Amino acid sequence: MSDLTWRSTPFDDDKLREECGIFGVVGVAEAANFTALGLHALQHRGQEAGGIVVHDAEHGFNSVRRFGYVRDNFTSQDVMDMLPGTVGIGHVRYSTAGSKGATAIRDVQPFFGEFAMGGAAIAHNGNITNADALRRELIERGSIFQSSSDSECIIHLMARSLQRNIPERMKDALRRVEGAFSVIAMTRTKLIGVRDPLGVRPLVLGRVGEGWALSSETCALDIIGAEFVREIEPGEMVVITSESGVTSYRPFEQKRPRFCIFEHVYFSRPDSILGGRSVYSTREAIGRELAKEAPVEADLVCPVPDSGTPAAIGFSLESGIPYAMGIIRNQYMGRTFIEPTESIRNMGVRLKLNVNRALIRGKRVILVDDSVVRGTTSRKIKEMILDAGAKEVHFRIASPPTAWPCFYGVDTPQREKLLAASMSEEEMRRHLGVDSLRFISLDGLYRAVGEAKGRDPNAPQYCDACFSGEYPVEPADQLEKGFRLKAAE
Ligand code: SF4
């Protein structure tokens, strides 16, 4: 498939999007099949493209990288026959750094490098905030980049290291890297997992039979029947072989962890476990907090499907207002292979969501959504609900206002495009044209994820930069391009 024919729907651009999912196994008979299943479970973290690299003693390293869904690319016998091996890693992608929109195949991971001591492949979730500076330096010193991805810097930094084995070269390389990274790498015999010192992006370890698995989320362990062992700690590197099991290293200076709080709100699948808590339960708790903070008299609580569902259930349970499926999602819309014509584009959100008219007519409706980014979808949904005869529309949002872009592996519009960057809550309410609009407070969100006292302003436990504007890692490349931090405004 040419990259010109693979387009995301234009109706999905009002959400923050997680950029990548990563998965790897060692010590299993069919590493590629396990990896494909794992990536399939992580498809929500990236739908533009995916790739798998495997190794076996007879055939060496082999890889397949394709545009589109895992289920379309990694299920045919022909493809899977090209991927024999007992160790393998994979990556699903929605582009962050590197080409946007129409991804180039050269930017599809995993990336592979051949070193004096053997080959290695890496799959990266996150975003390197000093990638521009690193790339300039590496190119000046003779590195020849194959892609426009920030992640390729890691391979070149490894190539320049004087260490004698791949894990040591990875440590050298990642000590030069700033920003957010969860990395899964492989050599001929080893599976390697690393999380950045703040642990911004997730990475978990599982046991599958006699083998081991690493994954962005626990839901991908479930699909292959693996047992969840533990999370890889912030700043930890694990090196895993079939023979020796898991060896843990601490290659970085220790820092206070700052896990992405938005993983709890939206990115991770509700059936995953994060920080020992079910994502579903956390989202339900967010809905309960929201109902306590922003009660309103109404007849129905309806989720904006699908991501608003657990928070809407929590809101309903706390408020006693009945929960109902007032909006039905067309499960098969997904993505489109062709650029829609103008007339189809104008149908907008109606292609994906439809109002349950019989239920809505004459009712005061609370709509619970996970976030408001540009506000375009929220406005269309409000119009659909009013068209269906609702008496009142109240929006309740399961995250604080998103006023700052993410530079740590999540696709956000530029700051000017974020509704909350330039409008107060009341201005946003008027802009959306709803009867009321309330966001959960940052303190309320912290309470819902388990911090009983809310957010400690001097020592926040999570990355919450897209809400607070307080970036735990300075976005060096962005500052060079003119981005202004909150303190400079
Ligand atoms: S800025 Fe927001 S989305 Fe990005 S890592 Fe921090 S909390 Fe997550």
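Residues numbered from 1 in each chain as written. Predicted model: local features only at pLDDT ≥ 70, side-chain atom pairs only at ≥ 80, totals over all residues. Heavy atoms only, no water.

If you check an unreviewed UniProt entry, the protein chain appears there as Amidophosphoribosyltransferase from Jannaschia seohaensis. As its UniProt record puts it under Pathway (unreviewed entry), the protein chain is described as follows: "Purine metabolism; IMP biosynthesis via de novo pathway; N(1)-(5-phospho-D-ribosyl)glycinamide from 5-phospho-alpha-D-ribose 1-diphosphate: step 1/2." As stated in UniProt under Catalytic activity (unreviewed entry), the record for the protein chain gives "5-phospho-beta-D-ribosylamine + L-glutamate + diphosphate = 5-phospho-alpha-D-ribose 1-diphosphate + L-glutamine + H2O". (UniProt positions renumbered as here; feature names shortened; annotations may be inferred.)

Chemist: Would you mind going over the domain arrangement of the protein chain with me for this structure?
Modeler: Structurally, the protein chain comprises domain 1 (8–258) and domain 2 (281–452). Relative placement of domain 1 and domain 2: their C-alpha centres are 33 Å apart. (Domains from an automatic or database assignment.)

Chemist: How do you make sense of the pairing of strand β6 (residues 111–115) when you look at a structure like this?
Modeler: Remark: a regular strand shows side chains that alternate across the two faces of the sheet. Only one face of β6 is covered, namely the one carrying Phe111, Gly113 and Phe115; the face carrying Phe112 and Glu114 has none of its residues buried. Following β6, the chain reverses through two residues before pairing antiparallel with strand β7 (residues 118–128). (Buried < 20%, exposed > 50% of the residue type's maximum accessible area, 1.4 Å probe, protein only. Helix = DSSP H or I, 4+ residues; strand = E, 2+ residues; numbered from the N terminus. Pairing = 2+ DSSP bridges.)

Chemist: Would you mind showing me how to read the sheet that holds strand β9 (residues 191–195) here?
Modeler: Within a beta sheet, neighbouring strands are joined by backbone hydrogen bonds and run either parallel or antiparallel to one another. Here we have six strands laid out as an open sheet, ordered β6-β7-β8-β9-β13-β14, and antiparallel in their pairing. Both outer strands of the open sheet, β6 and β14 (245–249), are each paired with one neighbouring strand and no more. Mean inter-strand twist for the sheet, computed between neighbouring axes without regard to direction, equals 20 degrees. In terms of strand pairing, β6 meets β7 through five bridges, oriented antiparallel. Of the residues in β7, the one forming a bridge with phenylalanine 112 is alanine 121. (Axes fitted to C-alpha atoms, helices over the stretch in contact; angles between N-to-C directions.)

Chemist: Even after reading the chapter, I still don't get the packing of helix α5 (residues 152–160) against helix α6 (residues 166–175), so can you show me in this structure?
Modeler: Between α5 and α6, whose axes approach to 8 Å, the crossing angle comes to 115 degrees. α6 is crossed by α5, and the crossing has right-handed handedness. Counting all contacts with α5, which are made through Ile154, Leu157, Met158 and Ala159, the residues of α6 involved are Ile166, Arg169, Met170, Ala173 and Leu174. Its residues assigned to classes, the contact of α5 with α6 shows eight nonpolar, no polar and one charged. (Left-handed = near helix turned anticlockwise from the far one by under 90°. Contact = heavy atoms within 4.5 Å. Nonpolar A, V, L, I, M, F, W, Y, C, P; charged D, E, K, R; others polar.)

Chemist: Help me understand the site of the ligand, please; the structure alone is not making it clear to me.
Modeler: Neighbouring residues of the ligand: 13 residues in total, closest Arg201, Cys260, Cys406, Cys463 and Cys466. Looking at the shell around the ligand, the elements with two or more residues in it are α8 (262–267) and α17 (465–468). Of the residues that constitute the shell around the ligand, the class distribution is 11 nonpolar, no polar and two charged. (Near = heavy atom within 4 Å.)

Chemist: Can you help me understand the sheet that holds strand β22 (residues 392–397) in this one?
Modeler: Read from one edge of the open sheet, four strands run β18-β21-β22-β24, paired in parallel fashion. Each edge of the open sheet is held by one strand with a lone partner, namely β18 (300–303) and β24 (436–439). Across the sheet, the mean angle separating the axes of adjacent strands is 20 degrees when strand polarity is ignored. Here four bridges tie β22 to β24, and the two strands are oriented parallel to one another. Looking at β24, one finds that isoleucine 397 is bridged to phenylalanine 439. Strands in contact with helix α10 (residues 309–319) are β18, β21 (364–369) and β22; relative to β18, the strand with the most contacts, it is inclined by about 165 degrees.

Chemist: Quick question: what am I supposed to make of the UniProt feature "active site" (unreviewed entry) in the protein chain here?
Modeler: In the numbering adopted here, UniProt assigns the feature "active site" (unreviewed entry) to Cys20. Looking at the element boundaries, cysteine 20 is found in strand β2 (residues 20–26). Relative accessible area serves as the criterion here: at 4%, cysteine 20 is assigned to the buried category. The contact partners of cysteine 20, leaving out residues within four places of it in the chain, are Arg45, His91, Val92, His124, Asn125 and Ser216.

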